[in-house]
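The lines below spell out each chain.
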Amino acid sequence: MMRIGVLGGGAWGTALAQVAAHGGREVLLWAREPEVVEAINRDHLNPLFLNDIPLSTSIVATTDPGRMRDLDALLVVVPAQHVAAILSATPVGTTPLVLCAKGIEAGTRRLVGEVARTAHPAAPIAVLSGPTFAHEVARGLPTAVTLACEDDDLRGALMERLAAPHFRPYASSDVTGAEIGGAVKNVLAIGCGVVEGAGLGQNARAALIARGFAEMTRFGLARGARAETLAGLSGLGDLVLTCSSTSSRNFSLGVGLGRGEIAATLLADRRTVAEGAFTAPVLRQAAADAGVDMPVTEAVCRLLEGAPAAQVVGDLLARPLRDEGR
């Protein structure tokens, strides 16, 4: 049986550990917070990030990344901006890395897969992404995700190991597409939250989702992704979920911005990370480098920089008329 480790004791890492522990299979989870490790090992709970959900007794937690040595696969579920640091402290070698973080590294503009390949060039890479709220996955509610990996045998083994009656992975070989969908949707979810917070209505939200998806597709194709991946679970599916619920950290950040609150204050008050706030300015620059027009992404950047929502939305609506396909 494939032995699984999980790097990251937040809500999503804990939920994936719960999935991997289905049927009593042992899972080793690394968390930065000693109180999380203690609570998981003693009480089989993670009250800091996933309160009131009983966890499998076969999940064992540790604060020592050295214990991740010699496992058969590692699920990397730390925030995108911390992946490089965590992987550099973790003995990986040729252990496959399943990347579950969604974002683009600030400063370098690297996707998480590029970060992982730099840290551990010999480790095979897979990406797990899709429309998922951690608390629903941990409770065993029905969920479908994309599991992307270029190695057919490894992809099949990972799918068999992670599949559960309530958790269904779909196969893809398009690692880049799965990563880009997950990164871009975080930015667009902030925009949809602004629509909600500013009371702009459901018409505006639907329009933003559709035009945002067009941006995701343009950027993804420019970076070598496949259109069908972007239209699947890890792209459009994840976009729809995170653009419609305050359970999304990025959407709820946007709601605050739409109400006139300050981005720095909203981000400082959070225990969990709204990845879209870090990804937006990096995505804006990456799109400019690729010659891709992304006006919704530009609008989200302006909102994060403090521009009033009414002004930003007005500027979007005042853009020159054009074909929908552009």
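Residues numbered from 1 in each chain as written. Predicted model: local features only at pLDDT ≥ 70, side-chain atom pairs only at ≥ 80, totals over all residues. Heavy atoms only, no water.

Thoughts on the overall build of the protein
Within the protein, the regular secondary structure consists of 15 helices and 8 strands. The globule rule puts the C-alpha radius of gyration for 326 residues at 20 Å, and the 19 Å found for the protein is close to it. Counting only residues that meet the buried cut, the protein has 54% of its 326 residues in that class. When contacts within the protein are restricted to residue pairs at least 6 apart in sequence, those whose partners lie at least 24 apart make up 67%. As displayed, the protein offers around 13,600 Å² of accessible surface, 52% of which is attributable to carbon and sulfur atoms. Computing the positive centroid from 29 side-chain charges and the negative centroid from 33, the protein places the two 2 Å apart. (Helix = DSSP H or I, 4+ residues; strand = E, 2+ residues; numbered from the N terminus. Rg over C-alpha atoms; globule rule 2.2 N^0.38 Å. Buried < 20%, exposed > 50% of the residue type's maximum accessible area, 1.4 Å probe, protein only. Contact = heavy atoms within 4.5 Å. Areas by Shrake-Rupley, 256 points an atom, 1.4 Å probe, with all protein chains shown as cover. Lys, Arg positive; Asp, Glu negative; His and termini not counted. Charge placed at Lys NZ, Arg CZ, Asp CG, Glu CD.)

Overview of unusual backbone geometry
For His44, which is not glycine, the phi torsion reads 55° and is therefore positive. Judged by its relative accessible area of 24%, His44 falls in the partly exposed class.

Topic: the nonpolar core
Counting 44 residues, the largest nonpolar core has Val184, Phe219, Leu257 and Leu304 as its most contacted members. When residues of this core are traced back to their parent elements, those giving at least two are helix H7 (175-197), helix H8 (202-222), helix H11 (249-258), helix H12 (263-268), helix H13 (275-290), helix H14 (295-304) and helix H15 (309-317). A per-element tally of this core places H7 first, with 10 residues. Aside from chain neighbours lying at most four places away, what touches Val184 is Met216, Phe219, Leu283 and Met294. If you look at the next biggest cluster of nonpolar residues, it comprises 41 residues, including Ala17, Val37, Ile40 and Val137. (Core = buried A, V, L, I, M, F, W, Y, C linked by side-chain atoms within 4.5 Å.)

Focus: the sheet that holds strand S8 (residues 167-172)
Taken in spatial order, the 8 strands of this open sheet run S3-S2-S1-S4-S5-S6-S7-S8, and their pairing is mixed. In this open sheet, the two edge strands, each paired with only one partner strand, are strand S3 (59-62) and S8. Taking each pair of neighbouring strands and ignoring which way they run, the sheet shows an average axis angle of 25°. Two strands pair when backbone bridges link them, and strand S2 (residues 27-30) and S3 are joined in this way by 4 bridges, in the parallel orientation. The residue bridging Leu29 from the neighbouring strand is Ala61, located in S3. In the packing of H7 onto the sheet, contacts are made with strand S6 (125-129) and strand S7 (143-149), and the angle to S6 comes to roughly 40°. Strand contacts of helix H10 (residues 233-242): S6, S7 and S8, with the helix running at about 145° to S7, the strand carrying the most contacts. (Pairing = 2+ DSSP bridges. Axes fitted to C-alpha atoms, helices over the stretch in contact; angles between N-to-C directions.)

Some thoughts on H13
Helix length check: H13, at 16 residues, gives a terminal C-alpha distance of 22 Å against a target of 22 Å (1.5 Å per residue), a fit within 8%. Within the span of H13, buried status applies to Glu275, Gly276, Ala277, Thr279, Ala280, Val282, Leu283, Ala286 and Ala287. Looking at the packing, one finds that the buried side of H13 touches H7, H8, H11, H12 and H14. One or two positions beyond H13, positive phi appears at Gly291, with a value near 70°. (Expected span 1.5 Å × (residues − 1).)

Details of the pairing of S8
Both S7 and S8 contribute to a ladder of 6 bridges, which runs parallel. Each bridged residue has a counterpart across the sheet, and for Val145 the counterpart in S8 is Pro169. Traced from S7 through helix H6 (residues 152-162) to S8, the parallel crossover comes out right-handed. (Right-handed = clockwise from strand over helix to strand, strands pointing away.)

Remarks on the packing of H13 against H14
Contact pair H13 / H14: the axes reach a minimum separation of 9 Å and the direction vectors enclose 125°. The angle between H13 and H14 places the two elements in the oblique class. In the crossing of H13 with H14, the sense of the turn from one axis to the other is left-handed. Across the interface between the two elements, Gly276, Ala277, Ala280, Pro281, Leu283 and Arg284 from H13 touch Thr297, Glu298, Val300, Cys301 and Leu304 from H14. (Parallel < 35°, antiparallel > 145°, perpendicular 65-115°, else oblique. Left-handed = near helix turned anticlockwise from the far one by under 90°.)

Focus on the state of the cysteines
This model, assessed by the stated rule, comprises 0 disulfides. Looking at Cys149, it has no disulfide partner, and the nearest cysteine sulfur is the one in Cys100, 12 Å off. Cys243 takes part in no disulfide bond, and the closest cysteine sulfur, belonging to Cys192, lies 3.4 Å away. Judged by relative accessible area, which is 0%, Cys243 ranks as buried. (Disulfide = S-S within 2.5 Å.)

Details of the environment of Glu160
When you line up the elements, Glu160 lands in helix H6. Through-space distance from the C-alpha of Glu160 to that of Met2 is 9.5 Å; in sequence the pair is 158 residues apart.

Examining helix H4 (residues 112-119)
For H4, the complete set of buried residues consists of Val112, Gly113, Val115 and Ala116. An end-on view of H4 places all buried positions within 160° of arc, on one side of the element. In this structure, the buried residues of H4 make contact with helix H3 (83-88), strand S5 (97-99), S6 and H7. (Arc of directions from axis to C-beta.)

Here we look at the side chain of Arg155
One can find Arg155 in helix H6. Arg155 gets classed as buried once you look at its relative accessible area, which sits at 13%. The residues touching Arg155, leaving out its near neighbours within four places in the chain, are Leu147, Cys149, Glu150, Ala171, Ser172 and Ser173.

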